[in-house]
Number of protein chains: 2
Amino acid sequence: MSTSSSLSVWIAHAQAQLDAATRALALRCASGARIDGAKADAWQVPSYELAWAAAHLLAARTLDGWLASADAAAPSGQAGDVGDAGNGGAMAQGLARLFIVEALVDVIARLEAMQMDLGLDGAALRAWAADAGWLRLRQQCAGQDAQKALGAAVAAGDADFGAPPLSQDVRMAFESFARFADEQVAPLAERIHREDLTIPESLLQPLREMGVFGLSVPQRFGGIGPDDHDDTPLMVAVTEALSEGSLGAAGSLITRPEILSRALLAGGTDEQKTHWLPRLAAGDPLCAIAMTEPDHGSDVASLQLRATRTDAGWVLDGAKTWCTFAGKAGVLMVVARTEADRALGHKGLSLLLVEKPSTEDHAFEVTQPGGGRLSGRAIPTIGYRGMHSYDLSFQNFLVPHSHLVGGDAGRGKGFYLTMQGMMGGRMQTAARACGVMRAALRAACRYARDRKVFGEPLAQFALTQSKLSRMAARWMACRHAAYAVAQLMDAGGGRMEASLVKLLACRSAEIVTREALQLHGGMGYAEETAVSRYFVDARVLSIFEGAEETLALKVVARSLLEGALAGASTA
Amino acid sequence: MSTSSSLSVWIAHAQAQLDAATRALALRCASGARIDGAKADAWQVPSYELAWAAAHLLAARTLDGWLASADAAAPSGQAGDVGDAGNGGAMAQGLARLFIVEALVDVIARLEAMQMDLGLDGAALRAWAADAGWLRLRQQCAGQDAQKALGAAVAAGDADFGAPPLSQDVRMAFESFARFADEQVAPLAERIHREDLTIPESLLQPLREMGVFGLSVPQRFGGIGPDDHDDTPLMVAVTEALSEGSLGAAGSLITRPEILSRALLAGGTDEQKTHWLPRLAAGDPLCAIAMTEPDHGSDVASLQLRATRTDAGWVLDGAKTWCTFAGKAGVLMVVARTEADRALGHKGLSLLLVEKPSTEDHAFEVTQPGGGRLSGRAIPTIGYRGMHSYDLSFQNFLVPHSHLVGGDAGRGKGFYLTMQGMMGGRMQTAARACGVMRAALRAACRYARDRKVFGEPLAQFALTQSKLSRMAARWMACRHAAYAVAQLMDAGGGRMEASLVKLLACRSAEIVTREALQLHGGMGYAEETAVSRYFVDARVLSIFEGAEETLALKVVARSLLEGALAGASTA
């Protein structure tokens, strides 16, 4: 049995054990045939482990599938026989195997904790841990010799190995945006971060011309997206490439127009589509999304900003927070409560488009002849600078009737329409994490080659090699998972998987940037070293576009438990 | 058998297995009767695991010893029966047990990896993992029910539980500096960080009056330290208390005078002691330590800054970096190469005292009539602001003969004299980590009580409770280990243990501040929220005063391997 097919067997074994634990957990969280919120809350601790185990298995399975194809293309590739920095090649295959084994070790540990809390028998898990074939495989793929050989090869290169399978179009887009990020974005990134500037027009204008803001707008509406289907891998590729230059100064530009464009496509009137989509696609105006409120982060159903219908239009009153790019934006998509009945929850929300002047100022105020007022203040943050996230306050602020998305038919559909773009937002966040990871990995490799300690380049030390191999393996796994889920989404699925890959990639970006900084020693802590920016930038990823805890529990675990319950009841 | 005595048995079991793995590793790293540097380098990966496993076991053993005494005082205390926020009490005992079990789980994982790389039989380890008594104990002490009950109790309080055994004097000092930190330091901390200011005289002057700078200067030389012994727990307590207010604006003030005072006590001439010690104790002048060089971080033996003897004095030429507080300092302790023979390595180094004007500027230049020049530039960093770390450049800079520490007898002793204060520096860094952790834990508890999501305070959710229990347990473990090692040092030992506790506490501070930030959601990423500062501050801890990798490999693993080899050869 080849190494890869052995890995497949163990992945399946892990999945079976996780499925069994999921079923047991689902029964404890169920009232009759459905998952009971209060019961599920009591079981959050194993539910959280479940989500993380599922995230690791998703990435492991994706790489395993890729290995099967790469194995076919390069049958002689073996872990240990490294050095080929081609796209498949022995090094990339070795890194894939390293990740798979480490992911399985992680899953075993999480299963142990789950089985303990669920009172399940752990004999099968322990038999696995003691299996001679598994121990050999683990040693071969993830022992110190494999790590050292892989890490030495990683250090010698420039993180240009192991790309996931991409279409010709997507690969070309990635390359052209990567070039732009390298030549135009990266040189400005430090200054934008340290002086807390707004992304300058010198970056925005060429990006407008490259079509960045129209990626999710179909060609018939002036964008560059296909008319008849989504192209999520393309969005992922562009975001990933730009994020490597800078998370704040380029990598996050697509998310907002995607959310608004998708909302308009799904629920806008024909007039609204015709008016807004070409403008959004052109990046003129730029846009921002005002959803989160000061007292309601992840809890959308409780949003309170009120929109009251008057003859003159809708009148907005209330506060929003973390509205990214609100200063520079010329139009805000505001999620507002248009329906007075509070019991409607998220079904009482609608979308209103608020036009405002674009500004690079950190504070702004818009006043209306009738006394309406909108003020904004950029919240200073430790990283993710360039776009600025604003506190917004609406007072008696009038919005024309024409700016209610979907017109009267759109009332109550605000949550649903926002969600159209949210999965894409999660995918893009995974992509942003991958871009930041690659930047950190490349910086770490360069430094490890150049810096000498105790008379040798850092890259010569076994511990450095071990760290680099694991960073590289993690980055590769997240990339592969991100593109695989992007394809799944375009085939109509992937809702839960988008959250899984967001979880894994964002946490991985924290880990990889932490290690890259640590490899730099004191220099890594200096603002003049790019890796210090990657570290603080990466920290936002597990918070925004769905906080880690919310995604793990409310999206992933909930979905897996419901699936397990449905399976159990039909079995 | 009581829970605690069972834990003791498993700790001993873990230690025995780690000892066996250490012996096997030592034999692979040995040439004859000594550890061979090149061979040890080839085995860095398992050596690194060894160091971390030893660090976890040290903390587990310390808490276990404390439990034995606390058990005696409160025999009814059981894990699960929590809520008493007294100093011992069921909650603190429960947290201690939680940490011990999680530390053992960590050690098992590291032993597995070591045994794999060393080709050792893992049967005993697997038998442990399958032992029914262990599984019951793990479930009882670290299962979700224990975590939830402990976390709820932690959230309700203010992190004032589970203090290690301290003398009356140390406790009083801790309390009075904690009050100062709370009332005077914390209110200024955000501004000092965000405006990158130097610690103002309004903080330094009361600290001078409280004797902070004379803690390691004996009373006979004008300090407040005992004349006849060290009081490391006192230093740890003061540093910990001040670091809770701010790492950069207060918590790190003691390290520099300690290093210089100890060097002078160990090797200064009588005149130097009489002249300098009372002044250092009074904090007038303040001092800084110039050791690290741009091309030599952890590699002291290769330091290059040259001091050339002339009739007029010593002439310094060369560069230093990361010289913290060099601007505000009136005297620098410079580690310089006084001996021309490069083969002498660290035996060619001496200490010179360089007087300079104190300044709060981020850049300074001192020129001498004879053309000598010293320039400094503060390196901007992502955190740990308030003292500033400087690049220094010495050009033809003259220092009087009287400023060579120890006079001619001090030549070649620079490394040895610096090391006198380094162990203390590591202990203080562990203490700083504990202070930052407590600040983050308290902030997390406050936020978890106040913030509502989905209609409930965050603190009511099982996942929040789980996280808080583990953060609190980790903080308690690091504190106990720090004070225990401080006592060990005063009894003449603790060299390796100081590195172990530095490793564990600094990494723990990264983990605890990360989780505290995450609990705050978006607010945690805002500069206006203190937890964002704790997060960036904590990141420096694993880098300075001995980088993680250097301490783990060159101090801890080396020492354990040499010990194992000596044990094996005498056995």
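Up top you'll find the structure we're talking about.
**Details of the overall build of chain A**
Move 1: A tally of helices and strands in chain A yields 18 helices and twelve strands.
Move 2: Counting only C-alpha atoms, chain A reaches 75 × 60 × 45 Å along its principal axes.
Move 3: Counting only contacts in chain A whose residues sit at least 6 apart along the sequence, the fraction spanning at least 24 positions is 76%.
Move 4: Of the accessible surface of chain A, which amounts to about 19300 Å², a share of 52% is contributed by carbon and sulfur atoms.
Move 5: Within chain A, one finds 54 positive and 62 negative side-chain charges whose respective centroids are separated by 3 Å.

**Topic: the relation of the copies chain A and chain B**
Move 1: For the pair chain A and chain B, the best superposition has an RMSD of 0.0 Å and corresponds to a rotation of 180 degrees with a translation of 0.0 Å parallel to the axis. On this basis, the relationship between the two copies can be described by a two-fold rotation axis.
Move 2: When the interface residues of chain A are mapped onto chain B, 100% of them again lie at the interface, so the same face is used by both copies.

**Quick notes on the pairing of strand 3 (residues 287-290) of chain A**
Residue and element names in this part refer to chain A.
Move 1: Burial of strand 3 is two-sided: the residues Cys287 and Ile289 facing one way and the residues Ala288 and Ala290 facing the other way are all buried.
Move 2: Direction of pairing for strand 3 relative to strand 6 (residues 331-337): parallel, over a ladder of four bridges. Bridge pairing in strand 6 places Ala290 opposite Val334.

**Structural notes on unusual backbone geometry**
Move 1: Of the consecutive residues Asp284(A) and Pro285(A), the connecting peptide bond is found in the cis state with omega at 10 degrees.
Move 2: Within the element layout of this structure, Pro285(A) appears in the loop between helix 13 (270-282) and strand 3.
Move 3: We note that Tyr384(B) has phi near 50 degrees; this positive angle belongs to a residue other than glycine.
Move 4: When you line up the elements, Tyr384(B) lands in the loop between strand 9 (373-379) and strand 10 (389-399).
Move 5: Here Asn396(B), not a glycine, exhibits a phi torsion of approximately 55 degrees, which is positive.

**Structural notes on the pattern of salt bridges**
Residue and element names in this part refer to chain A.
Move 1: Counted by the stated rule, this structure contains 68 salt bridges over all chains.
Move 2: Of the charged contacts, one joins Glu527 and Arg194 as a salt bridge, the two residues approaching to 3.6 Å between their closest N and O atoms. Of the two residues, Glu527 is situated in the loop between helix 16 (495-519) and helix 17 (530-538) and Arg194 in helix 8 (residues 168-194); the sequence distance between them amounts to 333 residues.
Move 3: Residue Arg194 is classed as partly exposed on the basis of its relative accessible area, which comes to 31%.

**Quick look at the interface of chain A and chain B**
Move 1: Counting residues at the interface gives 72 residues for chain A, matched by 72 residues for chain B.
Move 2: The three residues of chain A that bury the most area against chain B are Gln144(A), Phe454(A) and Tyr525(A), which together make up 14% of that side's buried surface.
Move 3: Joining chain A to chain B, the criterion identifies twelve salt bridges.
Move 4: Residue Glu510(B) is joined to Arg514(A) by a salt bridge in which the shortest nitrogen-to-oxygen separation is 2.6 Å.
Move 5: Applying the counting rule to chain A against chain B returns 40 residue pairs in polar contact (both at pLDDT 80 or more).
Move 6: In terms of residues, the side of chain A that touches chain B owes the most to one element, helix 16 of chain A, which gives five residues.
Move 7: Class assignment of the residues belonging to the side of chain A that touches chain B gives a composition of 31 nonpolar, 17 polar and 24 charged.

**So, helix 17 of chain A**
Move 1: Most of helix 17 of chain A sits inside the fold, with eight of its nine residues counted as buried.
Move 2: Turning to helix 17 of chain A, its buried residues are Val531(A), Ser532(A), Arg533(A), Tyr534(A), Phe535(A), Val536(A), Asp537(A) and Ala538(A).
Move 3: Those residues of helix 17 of chain A that are buried are in contact with helix 8, helix 10 (232-245), helix 11 (247-251), helix 14 (414-450) and helix 16 of chain A together with helix 17 (530-538) of chain B.

**Structural notes on the nonpolar core**
Move 1: Counting 306 residues, the largest nonpolar core has Leu95(A), Leu468(A), Leu95(B) and Leu468(B) as its most contacted members.
Move 2: Setting aside its immediate chain neighbours within four residues, Leu468(B) contacts Gly151(B), Val154(B), Ala155(B), Leu441(B), Ala444(B), Cys445(B), Ala448(B) and Leu519(B).

**Side note on the state of the cysteines**
Residues and elements named next belong to chain B.
Move 1: Going through the model one piece at a time under the given rule, you end up with zero disulfides over all chains.
Move 2: Free of any disulfide, Cys141 has its nearest cysteine sulfur in Cys478, 19 Å distant.
Move 3: Using a relative accessible area of 0% as the deciding quantity, one classes Cys141 as buried.
Move 4: Take Cys478: it sits in no disulfide, and the sulfur closest to it among the cysteines is that of Cys434, at 5.4 Å.

**Notes on the side chain of His480(B)**
All names here are of chain B.
Move 1: Inspection of the secondary structure puts His480 in helix 15 (residues 462-490).
Move 2: Here Gly162 takes part through its backbone oxygen, which lies 2.7 Å from a polar atom of the side chain of His480.
Move 3: In this view, His480 contacts Thr62, Leu63, Trp66, Gly162, Ala163, Pro164 and Pro165; residues no more than four positions away in its chain are not counted.

**Comments concerning the side chain of Ser389(A)**
Residue and element names in this part refer to chain A.
Move 1: Note on placement: Ser389 falls in strand 10 (residues 389-399).
Move 2: Judged by relative accessible area, Ser389 falls into the buried class, the value being 8%.
Move 3: Look past the residues within four positions of Ser389 in its chain and what remains in contact with it is Trp322, Cys323, Thr324, Arg377, Ala378, Ile379 and Tyr384.

**A few points about helix 9 (residues 201-209) of chain B**
Residues and elements named next belong to chain B.
Move 1: Among the residues of helix 9, Leu203, Leu204, Leu207 and Arg208 are the ones counted as buried. Here the buried residues of helix 9 occupy an arc of 130 degrees about the axis, which is enough to place them on one side.
Move 2: Looking at the packing, one finds that the buried side of helix 9 touches helix 8 (168-194), helix 10 (232-245), helix 11 (247-251) and helix 13 (270-282).
Move 3: Count one or two residues on from helix 9 and you reach Gly211, which has phi positive near 85 degrees.

**Digging into the packing of aromatic side chains**
Move 1: Tallied over the entire structure, the rule returns 17 aromatic pairs over all chains.
Move 2: Ring centres of Phe535(A) and Phe535(B) lie 5.3 Å apart, and the angle between their planes is 10 degrees; on these two criteria the pair is classed as stacked. Taken as a pair, Phe535(A) in helix 17 and Phe535(B) in helix 17 lie in two separate chains rather than in one. Like Phe535(B), Phe535(A) is buried.
Move 3: Taking the centre distance of 5.5 Å and the plane angle of 5 degrees together, the rings of Trp10(B) and Trp128(B) count as stacked. With Trp10(B) in helix 1 (residues 3-29) and Trp128(B) in helix 5 (residues 123-130), this residue pair connects regions lying 118 residues apart in the sequence.
Move 4: Residue classification places Trp10(B) among the buried positions, given a relative accessible area of 13%.
Move 5: In this structure Trp128(B) comes out as buried when scored by relative accessible area, which is 1%.
Move 6: What links up through ring pairs into an aromatic cluster is the set Trp10(A), Trp128(A) and Trp134(A).
Move 7: In this structure, Arg479(A) is placed above the aromatic ring of Phe174(A), and the distance from its NZ or CZ to the ring centre is 5.3 Å.

Rules behind the numbers
- Residues numbered from 1 in each chain as written.
- Chains lettered and ligands numbered in written order.
- Predicted model: local features only at pLDDT ≥ 70, side-chain atom pairs only at ≥ 80, totals over all residues.
- Heavy atoms only, no water.
- Helix = DSSP H or I, 4+ residues; strand = E, 2+ residues; numbered from the N terminus.
- Contact = heavy atoms within 4.5 Å.
- Areas by Shrake-Rupley, 256 points an atom, 1.4 Å probe, with all protein chains shown as cover.
- Lys, Arg positive; Asp, Glu negative; His and termini not counted.
- Charge placed at Lys NZ, Arg CZ, Asp CG, Glu CD.
- Least-squares fit on C-alpha atoms with pLDDT ≥ 70 in both.
- Buried < 20%, exposed > 50% of the residue type's maximum accessible area, 1.4 Å probe, protein only.
- Pairing = 2+ DSSP bridges.
- Salt bridge = Lys/Arg side-chain N within 4 Å of Asp/Glu carboxyl O.
- Buried area = accessible area lost by both parts, 1.4 Å probe.
- Polar contact = N/O pair within 3.5 Å; in protein donor to acceptor, adjacent residues only side chain to side chain.
- Nonpolar A, V, L, I, M, F, W, Y, C, P; charged D, E, K, R; others polar.
- Core = buried A, V, L, I, M, F, W, Y, C linked by side-chain atoms within 4.5 Å.
- Disulfide = S-S within 2.5 Å.
- Arc of directions from axis to C-beta.
- Phe/Tyr/Trp six-rings, centres within 6.5 Å; stacked < 30°, edge-to-face > 60°.
- Lys NZ or Arg CZ within 6 Å of the ring centre and 35° of its normal.

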